[in-house]
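# Overview (structure and organization)
The lines below spell out each chain.
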Amino acid sequence: MLKDNFNDLISLMVIARERSFTKAAARLGVSQSALSHAIRGLEERLQLRLLTRTTRSVAPTEAGEHLIKTIGPHLEEIENELNALRELRDRPSGNIRLNVSEHALSFALWPAVEPFLRAWPEVNLEIFTDNSLADIVSGRFDAGVRLGEQVAKDMIAVRISPDWRMVVVGSPAYFARHGRPATPQDLQQHNCINMRLPTMGGLYAWEFEKAQREIRVRVEGQLTLNNLQARIKAAIAGLGLAMVPEDTVVEAVQAGQLELALEEWCAPFPGYFLYYPSRRQHTSAFAKFIEAVRYSENQPRLGSAPLAP
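Right, let's walk through the structure included here. Every value quoted in this text rests on a predicted model; they were computed, and no experiment measured them.

Our focus in this paragraph is the overall build of the protein chain. The helix and strand tally for the protein chain stands at nine helices and 15 strands. Out of the 309 residues belonging to the protein chain, those deemed buried represent 40%. Put simply, of all contacts in the protein chain between residues at least 6 apart along the chain, 73% involve residues at least 24 apart. Total accessible area computed for the protein chain in this model is approximately 17,900 Å², and 50% of it derives from carbon and sulfur atoms.

Put into structure tokens, the structure is as follows:
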């Protein structure tokens, strides 16, 4: 009964507004006979005549006018609320939690964060910086960012950066005192700034590749750090050689604070990927975020250009 009354009241409102069964039927997408049947049923249930019909026009009766004035504002309010919900669907809102490695944040993600937040002010973004390979599901993260080779095969992965490479750098003063390594094995004779990995507690083995030949070298030195910027500052200070992402030392190299070594051995990695569980139901906010961070070769979002080999 409620459903029938609701639909018939909407029909009454449209007829009264259009003053025509023909125009109202076209507006509602029904036949004139179906519309006449709906109004007749409403009048029979209320035992009141609601419309006066002539060959030229249709007008509400006194009872019909009273009903329209009483019910009309409420129906309009319901319609406005439904429209607002549809707009909410199209206007993303809510929270997004990300687990991101230190370098991935600055290199791949950060350039897209500011324009995304400005475009969607009702979205809250929480970024947790973590260099370990955390379980994003148990950590209740919406997504993570890691190198393509580190993403589990049961995850959906979206590329968000170009390929990049690690490079060996040292200060001019260091190379003047200790010389420059000619091969990766020569690093074992140098004071190198180590990086301790958060997983397993081990030290990062420096990775090199040339002519499809891969080499890993476990270096030694006085200083071990787990912070990227601290390793760069230590290298600038002449405390040893460091292996760091190329984009993070562009300015220091151009300013003459650092110099490159073993460039021909520094091959690129396959870029960063945003990854998330395949069973995840996308919110509109998360879908917009994927769209914002997805990498396009036509629109690279790098803060600095890579150094020329």
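What follows concerns the side chain of Asn194. On the secondary structure map, Asn194 appears in strand β8 (residues 194–195). By relative accessible area, Asn194 is classed as buried at 3%. If we skip the residues at most four places from it in the chain, Asn194 touches Leu203, Tyr204, Trp206, Val219, Glu220, Gly221, Leu223, Thr224, Leu225 and Arg231.

With that out of the way, let us pick up helix α7 (residues 228–236). Of the residues making up α7, those classed as buried are Leu228, Arg231, Ile232, Ala234 and Ala235. Summarising the axial view, the buried residues of α7 lie within an arc of 160°, below the 170-degree limit, and thus occupy one face. Residues of α7 that are buried in the fold lie against α5 (102–119), β7 (164–170), β8, β11 (224–225) and β12 (242–245). Capping the start of α7 is the job of one residue whose side-chain oxygen sits 3.1 Å from the backbone nitrogen of Gln229: Asn227. Looking one or two places after α7, you find Gly238, whose phi comes out positive at around 85°.

Relative orientation of the contacting elements helix α2 (residues 21–28) and helix α3 (residues 32–46) amounts to 100°, with a least axis distance of 9 Å. One element, α2, and the other, α3, form an angle in the roughly perpendicular class. Where α2 approaches α3, its residues Phe21, Thr22, Ala24, Ala25 and Leu28 are matched on the opposing element by Gln32, Leu35, Ser36 and Ile39. Tallied by class, residues from the contact of α2 with α3 come to six nonpolar, three polar and no charged.

This brings us to the sheet that holds strand β15 (residues 272–277). The strand order across the open sheet built from five strands is β4-β3-β5-β15-β6, with neighbouring strands paired in mixed fashion. The open sheet terminates on both sides in strands that have one partner only, identified here as β4 (123–129) and β6 (155–159). Put simply, the sheet's adjacent strands are angled 25° from each other on average, direction ignored. Sheet strands in contact with α5 are β3 (94–100), β4, β5 (143–147) and β15, and its direction is about 170° off that of β4. Running at roughly 160° to β15, helix α9 (residues 284–293) makes contact with β3, β4, β5, β6 and β15 of the sheet.

Right, let's get into the nonpolar core. With 60 residues, the main nonpolar core has Leu187, Trp206, Phe208 and Leu274 as its most contacted residues. A per-element tally of this core places α5 first, with eight residues. The residues contacting Leu187, other than those within four sequence positions of it, are Val168, Pro181, Cys192, Trp206, Phe208, Val217, Val219, Leu241 and Leu262. By size, the runner-up hydrophobic cluster in this structure holds 18 residues, among which are Val14, Phe21, Ala25 and Leu67.

With that out of the way, let us pick up the environment of Leu203. By secondary structure assignment, the location of Leu203 is in the loop between β8 and β9 (206–210). A sequence separation of 22 residues divides Leu203 from Leu225, and the C-alpha atoms of the two residues are 9.7 Å apart. Discounting residues that sit within four places of it in the chain, Leu203 has contacts with Asn194, Met195, Arg196, Leu197, Arg218 and Thr224.

Reading guide: rules and limits
Residues numbered from 1 in each chain as written. Predicted model: local features only at pLDDT ≥ 70, side-chain atom pairs only at ≥ 80, totals over all residues. Heavy atoms only, no water. Helix = DSSP H or I, 4+ residues; strand = E, 2+ residues; numbered from the N terminus. Buried < 20%, exposed > 50% of the residue type's maximum accessible area, 1.4 Å probe, protein only. Contact = heavy atoms within 4.5 Å. Areas by Shrake-Rupley, 256 points an atom, 1.4 Å probe, with all protein chains shown as cover. Arc of directions from axis to C-beta. Polar contact = N/O pair within 3.5 Å; in protein donor to acceptor, adjacent residues only side chain to side chain. Axes fitted to C-alpha atoms, helices over the stretch in contact; angles between N-to-C directions. Parallel < 35°, antiparallel > 145°, perpendicular 65-115°, else oblique. Nonpolar A, V, L, I, M, F, W, Y, C, P; charged D, E, K, R; others polar. Pairing = 2+ DSSP bridges. Core = buried A, V, L, I, M, F, W, Y, C linked by side-chain atoms within 4.5 Å.

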